[in-house]
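# Coordinates in review
Here is what each chain is made of, one letter per residue.
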Amino acid sequence: MALDVAWAVRWVRLTAGLVTEHRAYLTELDRQIGDNDHGENLYRGYTAVVARLDALEGPPAQVGDVLKLVATTLMSTVGGAAGPLYGTAYLRAAKVTGLDELDAGAVVAMLEAGLEGIVARGKAVPGEKTMVDAWSPAVAAAQAACVEGVDPVVVLEAAATAAEEGAVATDPMVATKGRASYLGERSAGHRDPGAASSALLVRAAHTAAVDGA
Ligand code: ADP
Ligand code: MG
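Okay, so let's go over this structure.

Criteria and thresholds
Residues numbered from 1 in each chain as written. Chains lettered and ligands numbered in written order. Predicted model: local features only at pLDDT ≥ 70, side-chain atom pairs only at ≥ 80, totals over all residues. Heavy atoms only, no water. Near = heavy atom within 4 Å. Polar contact = N/O pair within 3.5 Å; in protein donor to acceptor, adjacent residues only side chain to side chain. Areas by Shrake-Rupley, 256 points an atom, 1.4 Å probe, with all protein chains shown as cover. Helix = DSSP H or I, 4+ residues; strand = E, 2+ residues; numbered from the N terminus. Nonpolar A, V, L, I, M, F, W, Y, C, P; charged D, E, K, R; others polar. Axes fitted to C-alpha atoms, helices over the stretch in contact; angles between N-to-C directions. Parallel < 35°, antiparallel > 145°, perpendicular 65-115°, else oblique. Contact = heavy atoms within 4.5 Å. Expected span 1.5 Å × (residues − 1). Buried < 20%, exposed > 50% of the residue type's maximum accessible area, 1.4 Å probe, protein only. Arc of directions from axis to C-beta. Donors = N, O, S within 2.8 Å, 3.2 Å for Na, K, Ca; no water.

## Some words on the site of ligand 1
As a structural note, the neighbourhood of ligand 1 is formed by 20 residues, with Asp35, Asn41, Ala81, Gly122 and Asp192 the closest of them. With respect to ligand 1, the side chain of Asp35 contributes an N or O atom lying 2.9 Å from an oxygen atom. A distance of 3.0 Å is found between an oxygen atom of ligand 1 and a backbone nitrogen or oxygen belonging to Met131. Protein burial of ligand 1: of its 560 Å² of free accessible surface, 92% is covered by the chains. Put simply, the parts of the chain that give the shell around ligand 1 at least two residues each are α3 (38-55), α5 (82-95) and α9 (193-210). With three residues, the top contributor of residues to the shell around ligand 1 is α9. A breakdown of the residues in the shell around ligand 1 according to their chemical character gives seven nonpolar, seven polar and six charged.

Okay, structure coming up:
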């Protein structure tokens, strides 16, 4: 299935659905090592995103236009750490997806740009128990999967699986960035909420590519 603007809209709506479904779970993860609001923050943000998509007169022109709408909406509605981090990720991703359709290389470029945005904003490196620990393996897996002639959906699948594994791999980590770092060693033994929500986001990109809405 083509990774066109209709796919981008399906992706974003699917992410909103997953965030709603996992709202309590994400907040519970944040209760354990943060301030008990990650699911609520994202639910508020993606609800606003869906409202803005519903209010559009016609479909956006290109994939990047959809991602830009998400970026500006999340930045103005989510607050906390995750709002600016995700907002910057989507904004950077939007800049490299001013395209009618993404091929495998464009999927890699989009994920790389998203990760760069998160790192530019939050200055975290892998292993600090943040959303970077989901994004970084997702980008590496996408790069590895991006061989000559590969279906871009295969690249998304590799990225989604790696993001999920990356989120699980945050469990034993000791947080050194974000609120969870206030807990020091006591942050170990819990999954990072932002890594968990990032895995949902990347999985949604893949699901939207295999399930036509
Ligand atoms: P807040 O911490 O302000 O309450 P959220 O609860 O919405 O914001 O988001 C927390 C998540 O943000 C963390 O689980 C982590 O993944 C991510 N995060 C926090 N600080 C950073 C950072 N400096 N770099 C990358 N991600 C971060
Ligand atoms: Mg929080």
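## Some points on the packing of helix α2 (residues 23-33) against α3
Where α2 meets α3, the closest approach of the two axes is 6 Å, and the angle between their N-to-C directions is 140 degrees. With respect to each other, α2 and α3 are oriented oblique. Between α2, through Arg23, Leu26, Thr27 and Asp30, and α3, the contact on the second element is made entirely by His38, Gly39, Glu40, Leu42 and Tyr43. Within the contact of α2 with α3, the residues separate by chemical class into three nonpolar, three polar and three charged.

## Concerning α3
The end-to-end C-alpha distance of α3, which contains 18 residues, comes to 26 Å, matching closely the 26 Å that a straight helix rising 1.5 Å per residue would cover. Along α3, the residues that are buried comprise His38, Gly39, Asn41, Leu42, Gly45, Tyr46, Val49 and Leu53. With its buried residues spanning 155 degrees around the axis, α3 presents them on a single face. Within α3, the exposed residues directed more than 90 degrees away from the buried face are Asp54 and Ala55. Summarising the contacts, the buried residues of α3 are in contact with α1 (5-21), α2, α4 (63-77), α5 and α9.

## Some points on the coordination of the magnesium ion (ligand 2)
Donor atoms from the polypeptide that bind the magnesium ion (ligand 2) are Asp30 (OD), Asp35 (OD) and Asp37 (OD), placed at 2.0 to 2.2 Å. In the primary structure, the donors to the magnesium ion (ligand 2) are separated according to the pattern D-x4-D-x1-D. Relative accessible area serves as the criterion here: at 30%, Asp35 is assigned to the partly exposed category.

## Observations concerning the environment of Ser181
Tracing the sequence through the fold places Ser181 in the loop between α8 (152-168) and α9. For the pair Ser181 and Glu128, spaced 53 residues apart in sequence, the C-alpha separation works out to 8.7 Å.

## Description of α8
With 17 residues, α8 ought to run about 24 Å at 1.5 Å a step, and its terminal C-alpha atoms sit 25 Å apart, in line with that. Buried residues of α8: Pro152, Val153, Val155, Leu156, Ala159, Ala160, Ala162, Ala163, Gly166 and Ala167, and no others. At its buried positions, α8 is contacted by β1 (3-4), α1, β2 (101-102), α6 (104-122), α7 (132-145) and α9. For α8, the capping residue at the N-terminal end is Asp151, with a side-chain oxygen 2.9 Å from the backbone nitrogen of Val153.

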